[in-house]
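# Secondary and tertiary structure notes
Given next are the chains, with one letter for each unit.
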Amino acid sequence: AGDKFFVRGILEGSHAAYGIYREGVNFIDPDTGEFLGLEAQELGLSKLIAMEGDISTLRILRTRQDVRIGDRLLPTVERRVDSVFYPKSPDKDIDGKIIHVFGGVRNVSQYSVVVLNRGDRDQLAVGDVLAIYRQGEKVRDRYTSELIQLPPDRSGLLIVFRTFEKVAF
């Protein structure tokens, strides 16, 4: 925080503040292979100081990580996340998958934020409660030596708190 940096390129609009972001993971639907979106990891916030031609000078107001060459700026926008949820069943059956767990963990636990491969276009809404099923293991039958797939096992619930066109958190 406090450092100045330079950006080449025309900054959109006349915003005084810009978020600093780094490209994260691509969200791909595991069933269809469709590109669903791209994670933009928020690194911090910067303030526009001056513009001269296509070079702008900004000052870092706050950061979570080091800012590096190749990081991107986006104008700050008012994002509202509801702090009160009214849990409900979805309007229709939702059959989706968890495609990403924020925080780099493999297993989901209480307070984990996950990305689902379903969103607004699937009529998923804020407050929808979904059951989570863990895929059953593949095991060998001790008597026949046949490899069998055990049925899915219900492992928890999740509540949707933010939706986008193709994904939800």
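These lines cover the structure that appears in this document, whether it is placed above or below. (Residues numbered from 1 in each chain as written. Predicted model: local features only at pLDDT ≥ 70, side-chain atom pairs only at ≥ 80, totals over all residues. Heavy atoms only, no water.)

Glancing now at the sheet that holds strand β4 (residues 55–63). Pairing is antiparallel in the open sheet, where five strands are placed in the order β1-β4-β3-β2-β5. The open sheet has two free edges, formed respectively by β1 (4–8) and β5 (72–75), since each of these has just one partner strand. When strand polarity is set aside, the average angle formed by the axes of neighbouring strands in this sheet is 50°. Where strand β2 (residues 17–28) lies against strand β3 (residues 35–52), ten bridges are found, and the strand directions are antiparallel. The partner of Tyr18 across the bridge, within β3, is Ser46. (Pairing = 2+ DSSP bridges. Helix = DSSP H or I, 4+ residues; strand = E, 2+ residues; numbered from the N terminus. Axes fitted to C-alpha atoms, helices over the stretch in contact; angles between N-to-C directions.)

For the rest of this paragraph, the subject is the pattern of salt bridges. One pass over the full model with this rule turns up nine salt bridges. Note that Asp31 and Lys97 form a salt bridge whose closest N and O atoms lie 2.5 Å from each other. Within this pair, whereas Asp31 is found in the loop between β2 and β3, its partner Lys97 is found in the loop between β5 and β6 (98–101), the two being separated by 66 residues in sequence. For Asp31, a relative accessible area of 46% gives the class partly exposed. Between Glu34 and Lys166 there is a salt bridge, and its shortest N-O distance comes to 3.4 Å. With a gap of 132 residues between them, Glu34 in the loop between β2 and β3 and Lys166 in the segment after β11 (153–159) connect regions that are remote in the sequence. (Salt bridge = Lys/Arg side-chain N within 4 Å of Asp/Glu carboxyl O. Buried < 20%, exposed > 50% of the residue type's maximum accessible area, 1.4 Å probe, protein only.)

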